[in-house]
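Secondary and tertiary structure notes
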Amino acid sequence: MILGGTVEAGTGLEQPRRAIAVAAVLAAMTLAVLDAALANVALPTIARSLRVAPAASVQVVTAYQTALVMALLPCAALGESFGFRKVFALGVGLFIVASGLCMLAPSLPWLVAGRVLQGLGSAAIMALGIALLRHVVPSDRLGTAIGWNALTVALASAAGPSMGALILSLGGWRWLFAINLPVGLAALLFAKTLPSVPGTGRRLDLVSTALNAGLFGALVVGTQALPSQPVVGVFLLALSATALVALLHRELPKTAPLIPLDLLRRRPFLISVIASICCFTGQAAGMVALPFHLQHEFGQTPWMTGLLMTPWPLTVAVTSQIAGRLSERVPTAWLCAAGGIGLSVGLGLLGLWPRGGEPLLLAIPIALCGFGFGLFQVPNNRNMFLAAPAERSGAAGGMQGTARLTGQTLGALLITLLFAGLSVDAAPRVGLCMAACVTLAAGLVSLRRAGAIRR
């Protein structure tokens, strides 16, 4: 088989090309996930180095997140139009160039601009990664491949804080971006083995793209501003809602709209998206509330807090491999329901844990959270992609990423609002209990999926 040749979805590639193609996708995913975690750890160091206020340095994170969520669906549309491999490789290339700009940044505006470009590159990677895996592996191995992706994301997320601290202790913050260069170049080289999926040639609607950017950009910035600047936050959320109405009006008549309304009309796809938003809302709320809960309620040091939280991503990494294989043999609705309930029970136990209880035993419900999340996420993503036609895999990937980021934004907003209205001791408990309710809803919603008895 010729490198870069076309391949039909469901047939997969022959070895060893398949292994190299999978490595290309997973290496690029590692870049996108690890870079976000490394930047979070470096914010205090960056603020001191560039002589800016700590609050201003947060732009390094928000610029990346905002660009990412604004570009997911447009990158998915570009992938379907010009070919998944081409746009994916362009995304990796843009990420490499942007990392170099960040590494050389002499000022905060320069660094923020580089982070915006990194977010745009990450959008192409995240929107099209699993869509490409669908053409790399046979259809009966898609669950396992999504499990590999989940494992990569979980390990990168778990390693990010400690790796960032190690790099900062050995060198300056610029090295956090320098390490992207060799990994990115390897991913770009391996990307030559990815299958060339023909594009449709559809032109990207620039007006819809602008409305999409306004919708998600105003949503992210508005939710972040709401607690401290309620007037500005409400205005931006209203602007986001207006952009949504205008975008829906423009896209409804289209056969392949930017927001995949055609896919959302499919009951299994719609339910998977709703369940994903609920699950990520609860997961993000739990991850934000838990450090405060451990330190303020149970008196743990930052070091012990990080140690106690480590079982969560590690359990996700292990469970995702099991869930990937099970999703090819067991009805995915039942797996998602069990995962959502497991995550809900873990969060509920954390929220209701007695004040005088043994803190070290909290590692058990924390691990249960990771088990539930891993068991839910892989089958849910598999169902989402298989509910979409192969030619709309890019749109499915964009929607999957959008659901994830929407849920994470709502989860963080929930905890922020609780902190604004409750004490620092009460807010994490209430937040964890509310997160348990939302993740329970994710599991129960999954049972509504058509074909709950049959995969």
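This text goes with the structure placed above it.
Reference entry: report on the structure contained in this document.

About the cut-offs
- Residues numbered from 1 in each chain as written.
- Predicted model: local features only at pLDDT ≥ 70, side-chain atom pairs only at ≥ 80, totals over all residues.
- Heavy atoms only, no water.
- Helix = DSSP H or I, 4+ residues; strand = E, 2+ residues; numbered from the N terminus.
- Rg over C-alpha atoms; globule rule 2.2 N^0.38 Å.
- Buried < 20%, exposed > 50% of the residue type's maximum accessible area, 1.4 Å probe, protein only.
- Contact = heavy atoms within 4.5 Å.
- Areas by Shrake-Rupley, 256 points an atom, 1.4 Å probe, with all protein chains shown as cover.
- Lys, Arg positive; Asp, Glu negative; His and termini not counted.
- Charge placed at Lys NZ, Arg CZ, Asp CG, Glu CD.
- 1 Å grid on protein atoms, 1.4 Å probe; cavity = no way out; pocket = protein on both sides within 12 Å on 5 of 7 lines; lining within 4 Å.
- Points joined across faces, edges and corners; volume = space filled by probe spheres on them.
- Nonpolar A, V, L, I, M, F, W, Y, C, P; charged D, E, K, R; others polar.
- Core = buried A, V, L, I, M, F, W, Y, C linked by side-chain atoms within 4.5 Å.
- Expected span 1.5 Å × (residues − 1).
- Bend = angle between axes of the 7 residues up to and from the residue.
- Salt bridge = Lys/Arg side-chain N within 4 Å of Asp/Glu carboxyl O.

1. Points about the overall build of the protein chain
When its secondary structure is counted, the protein chain shows 18 helices and zero strands. Scaling as 2.2 N^0.38, a compact globule of 455 residues should have a C-alpha radius of gyration of about 23 Å, and the protein chain matches this with 21 Å. Reported as C-alpha extents along the three principal axes, the dimensions of the protein chain are approximately 60 × 55 × 45 Å. Out of the 455 residues belonging to the protein chain, those deemed buried represent 55%. A separation threshold of at least 6 residues defines the contact pool for the protein chain, and within that pool the share at least 24 residues apart is 82%. For the protein chain, the computed accessible surface area is about 18200 Å², with 72% contributed by carbon and sulfur atoms. Here the protein chain holds 29 positive side-chain charges and 13 negative ones, and the gap between their average locations is 2 Å.

2. Digging into the layout of surface pockets
Approximately 300 Å³ is the volume attributed to the second largest pocket. Along its surface, the second largest pocket is lined by 15 residues, and Phe216, Ile277, Met399, Thr402 and Thr406 are the ones closest to its centre. When residues in the lining of the second largest pocket are grouped by element, the largest group, four residues, is from helix α12 (residues 267–297). Classifying every residue of the lining of the second largest pocket gives 13 nonpolar, two polar and no charged.

3. Description of the nonpolar core
Ranked by internal contacts, the top residues of the largest apolar core, which has 91 residues, are Phe88, Leu111, Trp173, Leu194 and Phe269. For this core, the element with the highest residue contribution is helix α1 (residues 17–50), accounting for 18 residues. With 33 residues, the next largest nonpolar core counts Ala289, Leu290, Ala317 and Leu414 among its residues.

4. Some thoughts on helix α14 (residues 311–326)
Helix length check: α14 (16 residues) gives 22 Å between terminal C-alpha atoms against 22 Å at 1.5 Å per residue, within 8%. By the largest-angle criterion, Thr319 marks the main kink of α14, which is about 25°. For α14, the complete set of buried residues consists of Trp312, Pro313, Thr315, Val316, Ala317, Thr319, Ser320, Ala323 and Gly324.

5. Observations regarding the pattern of salt bridges
What the rule picks out here adds up to eight salt bridges. Note that Lys254 and Asp205 form a salt bridge whose closest N and O atoms lie 2.6 Å from each other. Taken together, the positions of Lys254 in the loop between α10 (230–251) and α11 (261–264) and Asp205 in the loop between α8 (180–190) and α9 (206–225) put the pair 49 residues apart, joining distant regions of the chain. When its relative accessible area of 28% is taken as the criterion, Lys254 is described as partly exposed. Taking the shortest distance from any N to any O, the salt bridge between Arg392 and Asp262 comes out at 2.9 Å. One end of the pair, Arg392, is in the loop between α16 (363–386) and α17 (393–421); the other, Asp262, is in helix α11, and 130 residues separate them in sequence.

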